[in-house]
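# Architecture and fold: a report
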Amino acid sequence: MIGTVFAAVGLFAATNIDDIVVLTVLFVASARGALPGWKVVAGQYAGFVTLVAISVVAAAGLTIIPDKWVGFLGLIPLAIGIYGLVRTLRRQDDDDEDDAISAVGLLGVAGITIANGADNISLYTPVFRTSPVQDTVVTIIVFLVLVAAWCLIARFIGTSKTVSELLERVEHWLVPAVFIGLGLYILIESGVLVRLVEALS
């Protein structure tokens, strides 16, 4: 049992360290009142539970999302980032800026979580497939507890006065920039762009 817990902690940390950055950015927006904190937490849980559910189903031998299509999930944060950037460029006052960030919403956070963690499926699936049912249940419980810990850490960083002061000049552009970068990274890392170029050439 203890070994399973430690293994689950290590697996979660290794596959979700980048989520800290995304969550921190979202909590920076939350600290300004642009995005309710509960939507960040609920969206993170919704997205992560979806990833775990897909992994469990895949471990049972069913394929929900073909590997070659997973990379297209990068379009979710890319689209949200571009939308936020356009709204920020067009803003006439602070309310418009808040609207741009608020547009992310609970479903947006969930979508970003799924897109950012899509590659986790390839790691979770073999673990669930080769583990006894009780170990899989323990692993999932540990994961869910650690999602809460991740949110607390990101909230602490994102709402810190020191961090807020450091980001004061760039926070208007931070959310769109991070999401656009994340979307492009997923599309490039997954090889989707390469396949598209090859298909068009």
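Look a little higher up for the structure.
Presented here is an overview of the structure given in this document. Everything numeric here is computed off the predicted structure, so don't read it as measured data. (Residues numbered from 1 in each chain as written. Predicted model: local features only at pLDDT ≥ 70, side-chain atom pairs only at ≥ 80, totals over all residues. Heavy atoms only, no water.)

### Considering the overall build of the chain
Just so we agree on the cut-off: Runs of H or I in DSSP of at least four residues are treated as helices and runs of E of at least two as strands, each being numbered from the N terminus. Relative accessible area decides the class of each residue, using a 1.4 Å probe on protein chains only: under 20% of the type maximum gives buried, over 50% gives exposed, and in between gives partly exposed. In what follows, residue pairs with any heavy atoms lying within 4.5 Å of each other are defined as contacts.
Looking only at helices and strands, one finds 11 helices and zero strands in the chain. Put simply, the chain runs from its N terminus to its C terminus through helices and strands in the order α-α-α-α-α-α-α-α-α-α-α. The burial tally for the chain puts 43% of its 201 residues in the buried class. Excluding contacts between residues fewer than 6 apart, the proportion of contacts in the chain whose partners are at least 24 apart in sequence is 86%.

### Points about the side chain of Thr15
Tracing the sequence through the fold places Thr15 in helix α1 (residues 2-31). Those residues in contact with Thr15 that lie beyond four places of it in its chain are Asn120, Leu123 and Tyr124.

### Here we look at the environment of Ile20
Structurally, Ile20 can be placed in helix α1. For Ile20, a relative accessible area of 15% gives the class buried. In sequence terms Ile20 and Ile157 are 137 residues apart; their C-alpha atoms lie 9.4 Å from each other. Setting aside residues up to four positions removed in sequence, Ile20 forms contacts with Trp150, Ile153 and Ala154.

### Re the packing of aromatic side chains
Where we set the bar: Working definition: a ring pair exists when centres of Phe, Tyr or Trp rings (six-membered ring for Trp) sit within 6.5 Å. Plane angles under 30 degrees give stacked, over 60 give edge-to-face, the rest tilted.
Scanning all chains against the criterion turns up seven aromatic pairs. On the basis of an interplanar angle of 45 degrees and a centroid distance of 5.7 Å, the ring pair of Phe12 and Phe143 is categorised as tilted. On the criterion of sequence distance, the pair formed by Phe12 in helix α1 and Phe143 in helix α8 (residues 133-158) is long-range, its members being 131 residues apart. Classification of Phe143 by relative accessible area gives buried; the value is 0%.

### Describing the packing of helix α2 (residues 37-59) against helix α7 (residues 121-130)
Threshold: To define axes, lines are fitted to C-alpha atoms, for helices over the stretch in contact only, and angles between the resulting N-to-C directions are given on a 0 to 180 degree scale. Roughly parallel means an angle under 35 degrees; roughly antiparallel means over 145; roughly perpendicular covers 65 to 115; every other angle is labelled oblique. In this scheme the handedness of a crossing depends on how the near helix is turned from the far one: anticlockwise by less than a right angle means left-handed, clockwise means right-handed. When residues are grouped by polarity, Ala, Val, Leu, Ile, Met, Phe, Trp, Tyr, Cys and Pro land in nonpolar, Asp, Glu, Lys and Arg in charged, and all others, Gly among them, in polar.
One way to put it is that α2 packs onto α7 with a least axis distance of 8 Å and a crossing angle of 50 degrees. Relative to α7, the element α2 lies oblique. Crossing of α2 over α7 shows right-handed handedness. Residues Phe48, Leu51, Val52, Ile54, Ser55, Val56, Ala58 and Ala59 of α2 form the contact with α7, whose participating residues are Ile121, Tyr124, Thr125, Phe128 and Arg129. Residue composition of the contact of α2 with α7, grouped by class: 10 nonpolar, two polar and one charged.

### Description of the nonpolar core
For the record, the criterion: Nonpolar core, defined: a set of buried Ala, Val, Leu, Ile, Met, Phe, Trp, Tyr and Cys residues in which side-chain atoms within 4.5 Å join the residues together.
The biggest cluster of nonpolar side chains holds 30 residues, and the ones touching the most others in it are Phe12, Leu26, Phe48 and Phe143. Looking at this core, the elements with two or more residues in it are α1, α2, α6 (105-116), α7, α8 and α10 (171-189). Once residues within four sequence positions are removed from consideration, Phe48 is found in contact with Phe12, Asn16, Thr113, Tyr124, Phe143, Leu144 and Val147.

### Quick notes on α7
The following threshold applies: Picture the helix axis, draw a direction to every C-beta atom, and the arc is the one those directions span.
By the burial criterion, the buried members of α7 are Ile121, Tyr124, Thr125 and Phe128. Projection of α7 onto a plane perpendicular to its axis shows the buried side chains occupying an angular sector of 105 degrees, all on one side. α7 presents Ser122 and Thr130 as exposed residues on the side facing more than 90 degrees away from its buried surface. Looking at the packing, one finds that the buried side of α7 touches α1, α2 and α8.

### A closer look at a nonpolar patch on the surface
Going by this rule: Exposure above 30% relative accessible area and the absence of a salt bridge qualify a residue for a patch, where like charges join within 9 Å and nonpolar side chains (Val, Leu, Ile, Met, Phe, Trp, Tyr) within 5 Å. Residue exposure ignores everything except the shown protein chains as possible cover, and the areas themselves are Shrake-Rupley values with a 1.4 Å probe. Salt bridge, as applied in this entry: a Lys or Arg side-chain nitrogen positioned within 4 Å of an Asp or Glu carboxyl oxygen.
Taken together, Val133, Val137, Ile141 and Val145 make up a surface patch of nonpolar side chains, about 380 Å² in accessible area. Relative to the assigned elements, Val137 resides in helix α8. With a relative accessible area of 44%, Val137 lands in the partly exposed category.

### Here we look at the side chain of Asn16
Threshold: N or O atoms closer than or at 3.5 Å make up a polar contact, with two conditions inside protein: a donor-capable atom paired with an acceptor-capable one, and, for residues adjacent in sequence, both atoms drawn from side chains.
Looking at where Asn16 falls in the secondary structure, it is placed in helix α1. Of the polar contacts made by the side chain of Asn16, one reaches the side chain of Tyr124; its length is 3.0 Å. Apart from residues lying up to four places away in sequence, Asn16 is in contact with Phe48, Asn120, Tyr124 and Trp150.

### Topic: α6
Selection rule: Here, expected helix span is obtained from the residue count minus one, scaled by 1.5 Å.
Counted at 1.5 Å a residue, the expected span for α6 with its 12 residues is 16 Å, and the 16 Å between its end C-alpha atoms agrees. The element α6 is largely enclosed, with a buried count of 10 among its 12 residues. Every buried residue of α6 is accounted for by Gly105, Gly108, Val109, Ala110, Gly111, Ile112, Thr113, Ile114, Ala115 and Asn116.

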